[in-house]
Amino acid sequence: MRNNQQAIQGIISVIALICLATGWFKFFSPEINDILSRRVFYILIGISFAVQAPFLSNRNFVYPMYAAAGLCIVGAFLPLESRLAGMKTLGLLGGIILSLSNRRQTN
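Residues numbered from 1 in each chain as written. Predicted model: local features only at pLDDT ≥ 70, side-chain atom pairs only at ≥ 80, totals over all residues. Heavy atoms only, no water.

Caption draft 1: The arrangement of helix α2 (residues 30–52) in detail. With 23 residues, α2 extends 32 Å between its outermost C-alpha atoms, agreeing within 8% with the 33 Å of an ideal straight helix rising 1.5 Å per residue. Of all bends in α2, the biggest is about 35°, found at Val40. Within the sequence span of α2, burial applies to Asn33, Leu36, Ser37, Phe41, Tyr42, Leu44, Ile45, Gly46, Ser48, Phe49 and Gln52. (Helix = DSSP H or I, 4+ residues; strand = E, 2+ residues; numbered from the N terminus. Expected span 1.5 Å × (residues − 1). Bend = angle between axes of the 7 residues up to and from the residue. Buried < 20%, exposed > 50% of the residue type's maximum accessible area, 1.4 Å probe, protein only.)

Caption draft 2: View of unusual backbone geometry. We note that Lys26 has phi near 55°; this positive angle belongs to a residue other than glycine. Within the fold, Lys26 resides in the loop between α1 (2–25) and α2. Under the relative-accessibility criterion, Lys26 is labelled exposed at 60%.

Caption draft 3: Inspection of the state of the cysteines at higher detail. Scanning all chains against the criterion turns up zero disulfides. A disulfide-free cysteine, Cys19 has its sulfur positioned 14 Å from the sulfur of Cys72, the nearest such atom. According to the relative accessible area criterion, Cys72 is buried, its value standing at 0%. (Disulfide = S-S within 2.5 Å.)

Caption draft 4: View of the packing of α2 against helix α3 (residues 62–77). Packing of α2 against α3 brings their axes to within 8 Å, and their N-to-C directions diverge by 160°. Between α2 and α3, the interaxial angle falls into the category roughly antiparallel. In this structure, α2 meets α3 at a crossing whose hand is left-handed. In contact with Arg38, Arg39, Tyr42, Ile43, Ile45, Gly46, Ile47, Phe49, Ala50 and Gln52 of α2, α3 contributes Met65, Tyr66, Ala68, Ala69, Cys72, Ile73, Ala76 and Phe77. (Axes fitted to C-alpha atoms, helices over the stretch in contact; angles between N-to-C directions. Parallel < 35°, antiparallel > 145°, perpendicular 65-115°, else oblique. Left-handed = near helix turned anticlockwise from the far one by under 90°. Contact = heavy atoms within 4.5 Å.)

Caption draft 5: Here's a closer look at a nonpolar patch on the surface. A grouping of Trp24, Phe25, Phe27, Phe28, Ile32 and Ile35 is seen on the molecular surface, where their side chains present a nonpolar patch of about 720 Å² in accessible area. Those elements that place two or more of their residues in the nonpolar patch are α1 and α2. Among the secondary structure elements, Phe27 is positioned in the loop between α1 and α2. (Patch = residues over 30% accessible without salt bridge, like charges linked within 9 Å, V, L, I, M, F, W, Y side chains within 5 Å. Areas by Shrake-Rupley, 256 points an atom, 1.4 Å probe, with all protein chains shown as cover. Salt bridge = Lys/Arg side-chain N within 4 Å of Asp/Glu carboxyl O.)

Caption draft 6: Molecular detail of the side chain of Lys88. Mapped onto the elements of the fold, Lys88 is located in helix α4 (residues 87–106). Although Lys88 lies buried, it forms no salt bridge, and the closest oppositely charged side chain, Asp34, sits 9.3 Å away as judged by the N-O distance. Those residues within four positions of Lys88 in sequence are excluded, and the remaining contacts are Arg38, Tyr42, Leu71, Cys72, Gly75, Ala76 and Leu80. (Lys, Arg positive; Asp, Glu negative; His and termini not counted.)

Caption draft 7: A look at the packing of aromatic side chains. Inspection of the entire model under this criterion finds three aromatic pairs. Geometrically, the ring pair formed by Tyr63 and Tyr66 is tilted, given 6.4 Å between the ring centres and 45° between the ring planes. With Tyr63 and Tyr66 both in helix α3 and three residues apart, this pair spans about one turn of that helix. With a relative accessible area of 34%, Tyr66 lands in the partly exposed category. (Phe/Tyr/Trp six-rings, centres within 6.5 Å; stacked < 30°, edge-to-face > 60°.)

Caption draft 8: The arrangement of the environment of Pro30 in detail. Mapped onto the elements, Pro30 comes out in helix α2. Accessibility expressed as a relative area gives 56% for Pro30, which makes it exposed. Separated by 25 residues in sequence, Pro30 and Phe55 place their C-alpha atoms 37 Å apart.

Put into structure tokens, the structure is as follows:
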């Protein structure tokens, strides 16, 4: 089961990075680039965090990882001009920190 989870998470992460790169390199219209790099990217990263959460070795990190996933996904749907739109970046940073902290404990 863990190998399936890692494969799914890897696929989601690669697709998310493709969305981010597409926005950076401006392959499409500005509207499509914004949707891919500022919305779809965060939604996919949030899904990746949610897939990872139940498999974290430190059980204290499970709910914070779900919270990070939620911040990414909810923040992606907020208008870019909103003061709360930064929550997606906070979720991204939190999820990365939790993921790296969990990795150090397992090695």
